[in-house]
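Structural overview
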Amino acid sequence: MDLPIVVGVDGSEPSLRAVDWAADEAALRGAPLRVVYASLWERYEGAALAQDLGKPSEEVTAESIVRTAAQRARLRQAALEISTDVLPEEAEYALVREGREAAALVLGTRGRSGFVEMLLGSVSLTVAARADCPVIVLRGSHDNQVRAGTHGRVVVGIGERTTGSAALNFAVQEARLRHATLDAVRAWRCPAHETTDHPLFAGEPARLHEQQAGEVLDKALEDVPADVDLRRRTVEGPARRVLLDASCAADLLVVGARRNPGHLGLQLGRVAHAMLHHAASAVAVVPEQA
């Protein structure tokens, strides 16, 4: 049986966008869609759903949230197999558990302090840092709609791992499903202490580091199927800045997050953390086993 795409909803506008993306993702994969509301409290945040239902906020229940989300998904993708569930527990724990039997988790993000979607909600951050499956967090537009990909591009950040990268494999799959270009980006930097006077570099330290970045990139991409429209790029600069810039022309940005067995804290990494907070596109965080 195909693993489902799971979407977490809470009635907020960001979660409505997540429903749209999750419905499209499930349709692309031919997978079922599972809509989950998890909370210890019978409440939700955001006015959009209450307006859609024609009810005051206090009359909107968990059941009406998942029911309306499922109806929205079915209107978008009529052929989907859709299931719903209301889980009376903390959202972070419930969604991480759901991810153990999911092809991917799809979540919204939310803004605060007037900076819409510049800062990530704690649920999305915690789930992205702990889930066993890829977590797609919706960023980008500032309304409650998800539109078809406008760039035709999936961007993946290439790290030190040159074989067996789960993030790269996920990005390849997404690019093929979407008939999109796969933009593989490797950031590189010339350490400040390596100047043109350094005896080992004979005046060309930058060229040497760029060449090394290209070799890492080539090694990582050598098994990418020939039918993928692949674009290779090495870019000078910190990985966070390079990938944030690349996200401006992407429909989806894919990054890996290393998981260390036995480690109980958040396992995300600085690059993935920055992408979740500031990227201009949707972000997929894919767990990589250490």
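Everything below is about the structure shown above.
First, a word on what this report is: a plain description of the structure on this page. (Residues numbered from 1 in each chain as written. Predicted model: local features only at pLDDT ≥ 70, side-chain atom pairs only at ≥ 80, totals over all residues. Heavy atoms only, no water.)

A separate point is the overall build of the chain. Looking only at helices and strands, one finds nine helices and 10 strands in the chain. Expressed as a percentage of contacts within the chain between residues at least 6 apart in sequence, the contacts between residues at least 24 apart total 76%. When the accessible surface of the chain is split by element, carbon and sulfur atoms take 50% of a total near 14,200 Å². (Helix = DSSP H or I, 4+ residues; strand = E, 2+ residues; numbered from the N terminus. Contact = heavy atoms within 4.5 Å. Areas by Shrake-Rupley, 256 points an atom, 1.4 Å probe, with all protein chains shown as cover.)

What follows concerns the packing of helix 8 (residues 239-247) against helix 9 (residues 270-278). Running from N to C, helix 8 and helix 9 point in directions that differ by 35°, and their axes come no closer than 9 Å. The two elements helix 8 and helix 9 meet at a crossing, and its hand is right-handed. In this structure, helix 8 uses Ala239, Arg240, Leu243 and Leu244 to contact helix 9, whose residues at the interface are Arg270, Val271, Ala274, Met275 and His278. (Axes fitted to C-alpha atoms, helices over the stretch in contact; angles between N-to-C directions. Left-handed = near helix turned anticlockwise from the far one by under 90°.)

We now examine a positive patch on the surface. On the surface, Arg189, Arg240, Arg241 and Arg270 cluster together into a patch of positive charge. Relative to the assigned elements, Arg240 resides in helix 8. (Patch = residues over 30% accessible without salt bridge, like charges linked within 9 Å, V, L, I, M, F, W, Y side chains within 5 Å. Salt bridge = Lys/Arg side-chain N within 4 Å of Asp/Glu carboxyl O. Lys, Arg positive; Asp, Glu negative; His and termini not counted. Charge placed at Lys NZ, Arg CZ, Asp CG, Glu CD.)

We now examine the pattern of salt bridges. Evaluated as defined, the whole model comprises 17 salt bridges. Among the salt bridges present, the one from Arg29 reaches Glu174, with a minimum N-O distance of 3.0 Å. Here Arg29, found in helix 1 (residues 13-29), pairs with Glu174, found in helix 6 (residues 166-178); they are 145 residues apart in sequence, far enough to count as distant. The residue Asp218 makes a salt bridge to Arg232 at a minimum N-O spacing of 3.2 Å. Pair noted here: Asp218 is in helix 7 (residues 205-221) and Arg232 is in strand 8 (residues 230-236), with a separation of 14 residues, a long-range link. For Asp218, a relative accessible area of 40% translates into the label partly exposed. When salt bridges with common partners are traced through the structure, they connect Asp20, Asp24, Arg72 and Arg76 into a single cluster. (Buried < 20%, exposed > 50% of the residue type's maximum accessible area, 1.4 Å probe, protein only.)

A pair of packed helices is characterised by two quantities: the angle between their axes and the separation of those axes. For the pair helix 1 and helix 6, the least separation of the axes is 10 Å and the interaxial angle reads 85°. In terms of orientation, helix 1 lies roughly perpendicular with respect to helix 6. Within the contact between the two elements, helix 1 uses Trp21, Glu25, Leu28 and Arg29 and helix 6 uses Phe170, Gln173, Glu174, Leu177 and Arg178. In terms of residue class, the contact of helix 1 with helix 6 is made up of four nonpolar, one polar and four charged. (Parallel < 35°, antiparallel > 145°, perpendicular 65-115°, else oblique. Nonpolar A, V, L, I, M, F, W, Y, C, P; charged D, E, K, R; others polar.)

Bringing the sheet that holds strand 2 (residues 33-38) into the picture now. Taken in spatial order, the 10 strands line up as 3-2-1-4-5-10-9-6-7-8 in an open sheet, and their pairing is mixed. The open sheet is flanked by strand 3 (82-87) and strand 8, the only strands paired with a single partner. On average, each strand axis in the sheet is inclined to that of its neighbour by 25°, with strand direction left out of account. In this sheet, strand 10 (residues 282-289) lies alongside strand 5 (residues 135-137) in antiparallel orientation, the contact comprising three bridges. Paired with Val135 across the strands is Val285, a residue of strand 10. Its contacts with the sheet place helix 4 (residues 91-98) against strand 1 (5-8), strand 2, strand 3 and strand 4 (104-107), and it is angled at close to 160° to strand 2. (Pairing = 2+ DSSP bridges.)

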